[in-house]
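Reading the structure
Chain by chain, the residues run as shown.
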Amino acid sequence: MPRQRTTPLTRTEIADAAIHLIGERGISALTTTALAKELGVSSGAPFRHFASRDEILCAVGERVVELMGTTFPDEALPPLERLSQLFLSRIQAVTRHGGVARIIFSDQFSKALPEQASALIQAFIARTRSFALEAIAQGAASGQIRQDVPAEHLLVLFIGTMQHAAFLSAMNRKGAMAVPVAPESVIASIRTLLEPSPIHPAP
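A short tour of the structure in this document, coming up. For clarity, every value in this text was computed on a predicted model and none was experimentally measured.

1. A few points about the layout of surface pockets
In this structure, the second largest pocket encloses a volume near 180 Å³. Along its surface, the second largest pocket is lined by 14 residues, and Ile125, Thr128, Arg129, Ile159 and Gln163 are the ones closest to its centre. Secondary structure elements with two or more residues in the lining of the second largest pocket: α5 (100-105), α7 (115-142) and α8 (151-173). The biggest single contributor to the lining of the second largest pocket is α8, with six residues. Class assignment for the residues of the lining of the second largest pocket results in nine nonpolar, two polar and three charged.

2. Looking at the side chain of Arg82
Counting through the fold element by element, Arg82 comes out in helix α4 (residues 79-96). Despite its burial, Arg82 pairs with no opposite charge, the nearest such side chain being Glu134 at 5.2 Å. Those residues in contact with Arg82 that sit more than four places away from it in its chain are Pro73, Asp74, Glu75, Leu77, Phe131, Ala135 and Gln138.

3. Quick look at the packing of helix α3 (residues 53-69) against α7
At a minimum axis distance of 7 Å, the contact between α3 and α7 shows a crossing angle of 20°. Regarding the angle of α3 to α7, the classification is roughly parallel. As for how α3 packs across α7, the hand of that crossing is left-handed. Contacts from Leu57, Cys58, Gly61, Glu62, Val64, Val65, Met68 and Gly69 of α3 reach α7 at Gln116, Ala117, Leu120, Ile121, Phe124 and Arg127. The residue makeup of the contact of α3 with α7, split by class, is nine nonpolar, three polar and two charged.

4. Considerations on the packing of α4 against α7
Here α4 crosses α7 at 150°, and the two axes come no closer than 8 Å. Classified by the angle between their axes, α4 and α7 sit roughly antiparallel to one another. You can see that α4 and α7 cross each other, and the crossing is left-handed. Within the contact between the two elements, α4 uses Pro79, Arg82, Leu83, Leu86 and Arg90 and α7 uses Phe124, Thr128, Phe131, Ala132, Ala135, Ile136, Gln138 and Gly139. Residue composition of the contact of α4 with α7, grouped by class: eight nonpolar, three polar and two charged.

The rules behind each value
Residues numbered from 1 in each chain as written. Predicted model: local features only at pLDDT ≥ 70, side-chain atom pairs only at ≥ 80, totals over all residues. Heavy atoms only, no water. 1 Å grid on protein atoms, 1.4 Å probe; cavity = no way out; pocket = protein on both sides within 12 Å on 5 of 7 lines; lining within 4 Å. Points joined across faces, edges and corners; volume = space filled by probe spheres on them. Helix = DSSP H or I, 4+ residues; strand = E, 2+ residues; numbered from the N terminus. Nonpolar A, V, L, I, M, F, W, Y, C, P; charged D, E, K, R; others polar. Buried < 20%, exposed > 50% of the residue type's maximum accessible area, 1.4 Å probe, protein only. Lys, Arg positive; Asp, Glu negative; His and termini not counted. Salt bridge = Lys/Arg side-chain N within 4 Å of Asp/Glu carboxyl O. Contact = heavy atoms within 4.5 Å. Axes fitted to C-alpha atoms, helices over the stretch in contact; angles between N-to-C directions. Parallel < 35°, antiparallel > 145°, perpendicular 65-115°, else oblique. Left-handed = near helix turned anticlockwise from the far one by under 90°.

Dropping the structure here:
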């Protein structure tokens, strides 16, 4: 039996509950019954705010972008600090908001979302890529980041590691990992790889 509510239901709360359900059980689990149970309301209550399941999924896309948009650090920071803060903030946000990683990093989920929601997620991913690539290029130009490896290749290293670390952190949040992930240690290793090599120092 759903728990009794003492406060009005909001669109944001519905989107957050949907994100949680997707993270725990997959997008196919996002049914009217499951969402209502998660929220502690009647099955028709969410549809006083949304006309359809697709509208809820569009709100999910907007909410994911809103939550993750706060992880972009100040662009005035030095390149390596910018990348480090992006990495750590992104891992913390994904760990805090269960389901976000599954929505952002899964191509299958992107295809299952309505076109509007998918476009929002894809635009966010493109923004992340551009943000990181600009930091790497600026760091290489200033000698803080190695120049003997193309910036695009370093971007793959950075983004790929960040995505995998986010996945591991999300798994650890569910208790599925025997060894906790230490994002600070991972980004320290990434910084070592990004910094100019003693064999190929920056000119």
